[in-house]
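What follows is the residue order along each chain.
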Amino acid sequence: MLNAEHTQGAHVGAPRSRVDGRLKVTGAARYAAEFPADSLLHGVIVSSAVTRGKIKRIHTGDAKAQPGVVEVFTHENRPSTAWFDYKYRDETAPPGSPFRPLYDDEIQFSGQAIALVVAETFEAARAAAMLVRVEYTPADHATNLDLQLDEAYVPPKKRNGIKPPPKPRGDAEAAFAAAPVKLQNEYRVAIEHHNPMEPHATTVVWKGGGKLTIHDKTQGSQNSQSYVTNVFGLSADDVEVISPFVGGAFGSGLRPQHQLFLAVMAALQLERSVRVELTRDQTFTLGYRPCTIQQVSLAANRDGKLQSVMHNATAGTSRFEDYQEVVVNWSGLLYDSPNASFDYRLAKLDTYTPSDMRAPGATLGVFALEAAMDELSCELGMDPIELRLRNYADRDENDDKAFTSKELRACYRQGAERFGWSRRSSKPRSMREGRELIGMGMASGVWEAMMQKTAARATLTADGKLEIACATADIGTGTYTILAQIAADALGLPLERVSVKLGDSSLPKSPVEGGSWTAASAGSAVQAACDSVKQALLTAARGLEGSPLANVDLDRIVLRDGRAEVAAHSSAGLAIEDIMRGAGKQKLEAEESAAPSKTAMLTHVGYTHSAVFAEVRVDEELGVVRVTRIVNAVAAGKIINPKTARSQILGGVVMGIGMALEEETLVDHHLGRFMNHNLAEYHVPVNADIHDIDVLFVEEHDEMVSPIGVKGLGEIGIVGTAAAIANAIHHATGKRMRDLPITIDKIIGA
Amino acid sequence: MNRFSYVRAASAAEAVRELADPAARIIAGGTNLLDLMKYAVEKPTRLVDITHLPLATIEDAPGGGVRIGALVTNAALAYDDRIARDYPLLSSALLAGASPQLRNAATTGGNLLQRTRCYYFYDPATPCNKREPGSGCSAIGGLNRIHAILGASENCIATHPSDMCVALAALEAVIHVEGPDGARAIPMADFHRLPGDSPEIDTTLRQGELITSVELPPPAFGQNHTYLKLRDRLSYAFALVSVAVGLNIEGGTIKKARMALGGVAHKPWRKPEAEQALEGQAPTLENFGRAAELLLQGARGHGHNDFKIELARRAIGRALSQAAEARPQSQTDKRIR
């Protein structure tokens, strides 16, 4: 139930600092590898040196003989685990056979975990791990997507939760042939790895009697819990997964990763507590944004009206799973074209399975589409914003549904004004200052505003304090803070009287944290639970002997400053503590869940939109690009906390700058191996690369997309950023860069 | 990480004695050696800690130069008043390198001995002649965007990653070492070597020799200098190409010119002919271009790094312009000038 108090409360909509900020900066917030345990063992993973083949022999004798070494696990001595693939398939798994660590002698990708050395100290384990000698029988491998394009296929089984490409509309080929203005280009984006600050780690605390408390780096404590219970045949009562803090994940914490499997396996077998932490290099053996090659064809009338949109993409996946993401659909969604066709294919590579990485699919597809739209605007001699407005989609033609809300026009308008778009000359290479060419570019951004069924519990105690609990994770996005704000406003409490517990599998049920759905989903659940507590509290207040609220209608009672008061007379009321004492309640507790409205979703779809504006300065002679200004205008429904919301967009934009100019996992196709597997050689932006970033939130009211009117912000900041930068580089230099990242060598074209 | 023993040397002589064991390594800042040990690239059996030796001072050298102790940290050196005033090129190059945290720990001697950042050298699962002589060079025909265009061999196309060393080359520093046969001085130009048939050997240091100091000749370039570093991001990245330039210009004529390139070879790359071609000439773009051609003579790409030849040519021109205009590249501005 949405009412005036919620939308105009003291906290929701106000820029609050993170409630967990102090814990983080003082080091009091514990991450997965930081939880202590008595007589903890340390596991170090040995990774495969070859890409494909078999382990002929694995010599563990020298390692086992090292002082302090307890066990060396390999495929030869691993304990048995579940037989069927489905037991290994987690909440977010794509179709296929999930990777099983130490399963057999088969090597499926370079860096595959092939042994776990467990010792009394980390140092002993690491030293012994270097003594494990492996003889391989190598086999031929394929890691180069370009050479596998002939083998590309339409994935026969769809990935759960991922919309397949839309059905074609009209006759895109014929319309393309007939149109007066057209273009067809290929766009490429390199493999990227998530590289969160915190490497993946698991600490399994052996509680005796087969009970485990697991501290895992994960975006879903319950997802990790059910993976562990399924794979190892344990009861949910015996396995608790606790991960209150996550040092960034960007999607890499969605799937249970192999260090979780290995740490649990060792703990169960050795009946000891075990920690396994990946090195930075080993995090490059986890999922990644897949290398994707796209062709976009656009055709329009001379007035700019699109006649044909064709968007084809081929992405790499592993041999054993068909990872899928939404790449091409955006081209049927953002603009209105009577003729459109889409194709999305996969090609098998000898790598680990790709995985969701911030705005999976959209970063890729929208880059290609928005770069192509910029090219079309040049062909037409039309302002890029004008071209987008002429083709503005008022309806989702893919699903034939209405939008719950769409303030993208306002994003264009307000973003352009803030950016100073009118100062842009239309001709490329026409703006210069000193040695630098100046370019201005823009792009649209879009992401689906999803909501997932989520439960939350609210507990009001006799001292007037409120505790919120939900199993979802805060991966650094500010979830603790916004849930506290929602709860504080719901019960009229100061923020410091609200505490929030997250990231624990024993808490009310939540899906993985991801897809930008957490604010809308967990936020709506918290709202519902607090509304129930409020109802109980007010009922109790009216029932007290001599209550000043006795004959007051519920909707005339407000909760503010820790008191229940008659809306019009703040003197007539009761403190929450007094109500609780008077009613003899130690606590009032409610657990509620929230889910998307099934009826609304029959006719409507929710999307978040943005308009990204970029100014670049290019030293063309030396190939150096500076992104001197970004304005990102975002329409994302209600903004609960402008401060943490802005941080989400800033982070997305910085990652978008990385995607545009720096990030690339380099593959040696001869070896079949990622080679720049560290933070010195895998480049993400540093402070020196980042200049002004201006975020503005366009007002957007949407009571349909989620009960609290929220759409979510984790993804939208990155979508469109790379295209805006590439378009700005074209405006500056006249050169089209269709292959990301745009590095010095590409700019100087030598 | 392999097992190793550790000893703290009480004197340079003791350190030299310890170095008689070829599997011993000197440790000071440890910013490169510890990484390499964790990767099992370096496997010393003994670490000789020299951090307690009295080698952390910057002193007058006879003849008007300066002598920099091997243990002076990169940060202390870069921010030393005298260095910043008299040898701003060196300060600038130091500040272009690594990160503040690393510069606080890394030492002058260690910086001279830092090893290549070739991807394959760091990954023991791959062939690399520098790490494992005879195993082959994966970068030739592999990923070689960051590799050498000058002075490479069919055995190794790695580059030397230091920024400091590029400035020291242009400044014509001299490296002082102590060894089993006593002390000697090695000109910077002779200190690092080309890979040839033995890429596993980076320098001309002999078995058992310890770097004790680096001597700079008297200051010669005033404000006509620059350190221009081009890389994939503006900080915390190794050079694709860097240029150190010092010019002495009098009455519109270049009296003395020194230039060194980083990121292009197994050592800081200098060519006296290129410098001589500038001397006695006016600081014009045309002359700069000729100097660049001479400095890059024989440059050869390996595929991904072909662009470096053109990039280096342009960077040399830009750096010479910056130096001639006495507008050295700032290492704190968020831009290339």
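Residue positions are given per chain, counted from 1 along the sequence in the order it is written. For naming, the first written chain is A and the first written ligand is 1, with later ones following in the order written. Per-residue local features of the predicted model are confined to residues with pLDDT of at least 70, and side-chain atom pairs are confined, for both listing and counting, to 80 or more; whole-chain, interface and lining totals are unaffected and use all residues. Only hydrogens and water are set aside when side-chain values are computed; all heavy atoms of the structure are taken into account.

A word on helix 11 (residues 362-380) of chain A
Residue and element names in this part refer to chain A.
Turning to step 1, where the next piece is worked out: Taking 1.5 Å per residue as the helical rise, helix 11 with its 19 residues ought to reach 27 Å, and the 26 Å between its terminal C-alpha atoms agrees with that figure.
Turning to step 2, where the next piece is worked out: Think of it in three bands: residues with accessible area under 20% of the maximum for their type are buried, residues over 50% are exposed, and the middle band is partly exposed, with areas taken using a 1.4 Å probe on protein chains only. Going along the chain from the N terminus, every DSSP run of H or I of four or more residues is numbered as a helix, and every run of E of two or more is numbered as a strand. Summarising burial for helix 11: 17 of the 19 residues are buried, a large majority.
Turning to step 3, where the next piece is worked out: Note on helix 11: the residue one or two positions beyond its end, G381, has a positive phi of about 65°. Multiplying one less than the number of residues by 1.5 Å gives the expected span of a helix.

Comments concerning the pattern of salt bridges
Pairing is possible between side chains that carry opposite charge, provided their charged atoms lie close to one another.
Turning to step 1, where the next piece is worked out: Each reported salt bridge corresponds to a side-chain nitrogen of Lys or Arg within 4 Å of a carboxyl oxygen of Asp or Glu. Here the structure, examined in full by the defined rule, presents 67 salt bridges over all chains.
Turning to step 2, where the next piece is worked out: The closest approach of N and O atoms between D343(A) and R345(A), which form a salt bridge, is 2.5 Å.
Turning to step 3, where the next piece is worked out: A residue is classified by how much of its surface remains accessible, and R345(A), at 30% relative accessible area, is partly exposed.
Turning to step 4, where the next piece is worked out: Here R738(A) and E375(A) are joined by a salt bridge, their closest N and O atoms 2.9 Å apart. Here R738(A), found in the loop between helix 19 (721-733) and strand 32 (739-740), pairs with E375(A), found in helix 11; they are 363 residues apart in sequence, far enough to count as distant.
Turning to step 5, where the next piece is worked out: Since its relative accessible area comes to 28%, R738(A) is described here as partly exposed.
Turning to step 6, where the next piece is worked out: Its relative accessible area of 7% is what places E375(A) among the buried residues.
Turning to step 7, where the next piece is worked out: Bridged by salt links that share partners, the residues R25(B), E42(B), R115(B), K130(B) and D202(B) form one connected network.

Here's the deal with the nonpolar core
Turning to step 1, where the next piece is worked out: Ranked by internal contacts, the top residues of the largest apolar core, which has 108 residues, are L298(A) and I725(A).
Turning to step 2, where the next piece is worked out: We call two residues in contact when some of their heavy atoms are within 4.5 Å. The contacts of I725(A), once residues within four sequence positions are left out, are A614(A), V616(A), V627(A), I630(A), G656(A), I657(A), A660(A) and L661(A).
Turning to step 3, where the next piece is worked out: Judged by nonpolar contacts, the second largest core, of 56 residues, contains F121(B), A139(B), I149(B) and L230(B). For this analysis, a nonpolar core means a set of buried residues of the types Ala, Val, Leu, Ile, Met, Phe, Trp, Tyr and Cys, connected via side-chain atoms within 4.5 Å.

With respect to the UniProt feature "domain: Aldehyde oxidase/xanthine dehydrogenase a/b hammerhead" (unreviewed entry) in chain A
Turning to step 1, where the next piece is worked out: UniProt positions are given in the numbering used here, feature names are shortened, and annotations may be inferred rather than shown by experiment. With numbering aligned to this structure, UniProt lists the feature "domain: Aldehyde oxidase/xanthine dehydrogenase a/b hammerhead" (unreviewed entry) at residues 26-140 of chain A.
Turning to step 2, where the next piece is worked out: Across residues 26-140 of chain A, helical content stands at 10% and strand content at 30%; the span's end C-alpha atoms are separated by 50 Å.

Looking at unusual backbone geometry
All names here are of chain A.
Turning to step 1, where the next piece is worked out: Look at the link from L740 to P741: it is a cis peptide, with omega at 0°.
Turning to step 2, where the next piece is worked out: In this structure, A359 is a non-glycine residue whose phi angle is positive, near 55°.
Turning to step 3, where the next piece is worked out: With respect to the element layout, A359 can be found in the loop between strand 14 (339-349) and helix 11.
Turning to step 4, where the next piece is worked out: In this structure, S516 takes a positive phi of about 65° despite not being glycine.
Turning to step 5, where the next piece is worked out: Within the secondary structure, S516 sits in the loop between strand 21 (498-501) and helix 15 (518-543).

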